[in-house]
Amino acid sequence: MSNTPSSSSKPNDLKPDVCVVGLGYIGLPTAAIIARAGCRVLGLDVTQSVVDTINRGEIHIEEVDLDGLVHGVVQRGLLRASTRIEPSDVFVIAVPTPFAKDDHHSPDISYVLAAASEVAAVLKAGDTVILESTSPVGTTEKMRDMIAGLRPDLKMPGLTAGTPDVSIAYCPERVLPGRILEELTNNDRSIGGITPRCARKALAFYKRFVRGTCITTDARSAEMTKLVENAYRDVNIAFANELSIVSDRMGLDVWEVIRLANRHPRVNILSPGPGVGGHCIAVDPWFIVHGAPEDTPLIRTAREVNDKKIHHVIAHATALVEAHPGAKIACLGLAFKANIDDFRESPARLVAATLARRYGSRVHVVEPYAAQLPREFTDTGAHLIDLDTALEDCDVLVVLVDHDVFRVVPLAERSGKAVYDTRGIWPDQPGEVSGAPAGLRLAS
Ligand code: SAJ
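Conventions and cut-offs
- Residues numbered from 1 in each chain as written.
- Predicted model: local features only at pLDDT ≥ 70, side-chain atom pairs only at ≥ 80, totals over all residues.
- Heavy atoms only, no water.
- Pairing = 2+ DSSP bridges.
- Helix = DSSP H or I, 4+ residues; strand = E, 2+ residues; numbered from the N terminus.
- Contact = heavy atoms within 4.5 Å.
- Polar contact = N/O pair within 3.5 Å; in protein donor to acceptor, adjacent residues only side chain to side chain.
- Near = heavy atom within 4 Å.
- Areas by Shrake-Rupley, 256 points an atom, 1.4 Å probe, with all protein chains shown as cover.
- Nonpolar A, V, L, I, M, F, W, Y, C, P; charged D, E, K, R; others polar.
- Domains from an automatic or database assignment.
- Buried area = accessible area lost by both parts, 1.4 Å probe.
- Salt bridge = Lys/Arg side-chain N within 4 Å of Asp/Glu carboxyl O.
- 1 Å grid on protein atoms, 1.4 Å probe; cavity = no way out; pocket = protein on both sides within 12 Å on 5 of 7 lines; lining within 4 Å.
- Points joined across faces, edges and corners; volume = space filled by probe spheres on them.
- Buried < 20%, exposed > 50% of the residue type's maximum accessible area, 1.4 Å probe, protein only.
- Patch = residues over 30% accessible without salt bridge, like charges linked within 9 Å, V, L, I, M, F, W, Y side chains within 5 Å.

### Describing the pairing of strand E8 (residues 214–218)
Phase 1 of the analysis: By the bridge criterion, 5 bridges tie strand E7 (residues 189–193) to E8 in an arrangement that is parallel. Bridge pairing in E8 places Ser190 opposite Ile215.

### Section: the environment of Lys15
Phase 1 of the analysis: Positionally, Lys15 belongs in the segment before strand E1 (18–21).
Phase 2 of the analysis: Between the C-alpha atom of Lys15 and that of Ser88, which follows or precedes it by 73 residues, the distance is 6.7 Å.
Phase 3 of the analysis: In contact with Lys15, not counting residues within four places along its chain, are Arg40, Pro87, Ser88 and Asp89.
Phase 4 of the analysis: Side-chain polar atoms of Lys15 contact the side chain of Asp89, separated by 3.1 Å.

### Points about the site of the ligand
Phase 1 of the analysis: Neighbouring residues of the ligand: 21 residues in total, closest Val175, Lys226, Arg233, Ser271 and Phe336.
Phase 2 of the analysis: Within the side chain of Glu173, a nitrogen or oxygen atom sits 2.9 Å from an oxygen atom of the ligand.
Phase 3 of the analysis: With respect to the ligand, the side chain of Arg423 contributes an N or O atom lying 2.8 Å from an oxygen atom.
Phase 4 of the analysis: In isolation the ligand has 770 Å² of accessible area, and contact with the protein removes 88% of it.
Phase 5 of the analysis: Residue contributions to the shell around the ligand peak at 5 residues, all from helix H8 (residues 219–250).
Phase 6 of the analysis: Per-class residue counts for the shell around the ligand are 9 nonpolar, 4 polar and 8 charged.
Phase 7 of the analysis: Looking at which domains feed residues into the shell around the ligand, each of domain 1 (18–220) and domain 2 (230–441) gives three or more.

### A word on the domain arrangement of the chain
Phase 1 of the analysis: Along its sequence, the chain is organised into domain 1 (18–220) and domain 2 (230–441).
Phase 2 of the analysis: For domain 1 versus domain 2, the distance between C-alpha centres works out to 35 Å.
Phase 3 of the analysis: Domain 1 puts 14 residues into the contact, and the matching count from domain 2 is 12 residues.
Phase 4 of the analysis: Of the roughly 1000 Å² buried between domain 1 and domain 2, counting both surfaces, carbon and sulfur atoms make up 69%.
Phase 5 of the analysis: Interface area lost by domain 1 to domain 2 is led by Phe99, His105 and Pro177, which between them contribute 40%.
Phase 6 of the analysis: In this structure, the connection of domain 1 to domain 2 is made through 0 salt bridges.
Phase 7 of the analysis: At the junction of domain 1 and domain 2, the tally comes to 0 residue pairs in polar contact (both at pLDDT 80 or more).
Phase 8 of the analysis: Across the side of domain 1 that touches domain 2, the residue classes tally to 7 nonpolar, 5 polar and 2 charged.

### Re the layout of surface pockets
Phase 1 of the analysis: Within this model, the second largest pocket holds a volume of roughly 260 Å³.
Phase 2 of the analysis: If you trace the second largest pocket, you find 16 residues lining it, with Val276, Ile310, Glu345, Ser346 and Pro347 closest to the centre.
Phase 3 of the analysis: Looking at the lining of the second largest pocket, the elements that each hand over two or more residues are helix H11 (297–322) and helix H12 (347–359).
Phase 4 of the analysis: Looking at which element gives the most residues to the lining of the second largest pocket, the answer is H12, with 5 residues.
Phase 5 of the analysis: Its residues assigned to classes, the lining of the second largest pocket comprises 8 nonpolar, 2 polar and 6 charged.

### Some remarks on the side chain of Arg144
Phase 1 of the analysis: Inspection of the secondary structure assignment puts Arg144 in helix H5 (residues 139–150).
Phase 2 of the analysis: For Arg144, a relative accessible area of 8% puts it in the buried group.
Phase 3 of the analysis: A distance of 2.7 Å separates polar atoms of two side chains, one belonging to Arg144 and the other to Asp145.

### Considering a nonpolar patch on the surface
Phase 1 of the analysis: On the surface, a nonpolar cluster with roughly 340 Å² of combined accessible area is contributed by Val246, Met250, Leu252 and Val257.
Phase 2 of the analysis: Its location among the elements puts Val246 in helix H8.
Phase 3 of the analysis: Judged by its relative accessible area of 37%, Val246 falls in the partly exposed class.

### Let's talk about the pattern of salt bridges
Phase 1 of the analysis: Inspection of every chain in the model, using the stated rule, returns 22 salt bridges.
Phase 2 of the analysis: For Glu86, the salt bridge is made with Arg80, and the minimal N-O distance between the two is 2.9 Å.
Phase 3 of the analysis: Look at Glu86 and you get partly exposed, because its relative accessible area is 24%.
Phase 4 of the analysis: Of the charged contacts, one joins Asp234 and Arg303 as a salt bridge, the two residues approaching to 2.8 Å between their closest N and O atoms. Pair noted here: Asp234 is in helix H8 and Arg303 is in helix H11, with a separation of 69 residues, a long-range link. Side by side, Asp234 and Arg303 carry an identical accessibility label, which is buried.
Phase 5 of the analysis: The network of salt bridges with common partners includes Lys15, Asp89, Lys124 and Asp127.

Given below as structure tokens:
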């Protein structure tokens, strides 16, 4: 029997119950989980190859357990993908909201509005439209206004008296890559309606597949809540990164300082690193700053501190390499955080590529989650090697990602090497050698 689901005579050839617009890191897992709950789901994406992949029961992104789930729901006829929208009862929009190209950190909501105009074309009385994309405050109302302009035949919430024909709400995701399926099911959700009635309609939908507590609010508060969650984390990481820069200047071990400070019952400092990567925490705080530039010095500064940390790490790694002329260098990790294969917007990648451009074939990169080095390493002479080879051949180790496989390297295999541990994964590494750049742990 073939593993490829047939495209005909499945229940999902019928009208879908739910249409998920955007089949990326959030949209596809969300579509699959809704389908698992028994809804007929249509996933919409602009990329034909994505649609074809999903209709074969396969996936185009890496996420724990997602392949089996998608395969199962496609095979059972509960999920199918298309480039063309169809009438449905609930529409979930999960498209990107990047920075605008022409400006300084201003949000580009054009993908949201484009998705909303597609939805408007098939919308009917009784439907619910939910925006999940991380969005600046007021986006759900803009989306409503756009739909209202395109569909004057439908009564829109908050614009006309009486019961509206459709419900519109904002419900952000808050999942961590690598734990998406688990967190989509079990995390609490904030559900913000344009009106309380809209929130109740969306709540009834999420209750079909969310086990966490679903709390209703208004759309603007839900939009702000999502931005605040990521800005809160960014500010706290900035505090840790600033401490690490200060500690380097003062010749202190920041990890020891944080470990001790965190023994206070009301102190919980996060971990310094080579900077903040990914597509959320380094982006979303700017949406708040953009909405209130005069009133957000703390949030703006935190972003700047975290960006500056990358350059601090490059400067220190360079100083260590310069102190070891001719030594082979191993950069450990390219991912934007531990134990994932996502290299986009990664400070580790930027640091390693900068060293590769400066020191060419002396630079070796260890990234167990990569099959080859990214484009910017081409022509630098840098090589991708495995961890064992790095530990045997390289004299300078620059730890950029706290992958578990690096964390467990025993001291015996690191002794005699010059180590710059930007993630604090090797607290037992012998201390600094006099004359070395401050903050570097060098083997004695
Ligand atoms: N990082 C540090 N030190 C820390 C924690 C993180 O340097 O103590 C760095 C990481 O190495 C990484 C970056 O911050 O480069 C972001 O990693 P993360 O694990 O903090 O967050 P993301 O980007 O994977 O996911 C975040 C999460 N938000 C919060 O924890 C408030 C997630 O719940 C959101 O759903 C996600 O953003 C999103 O989609 O917005």
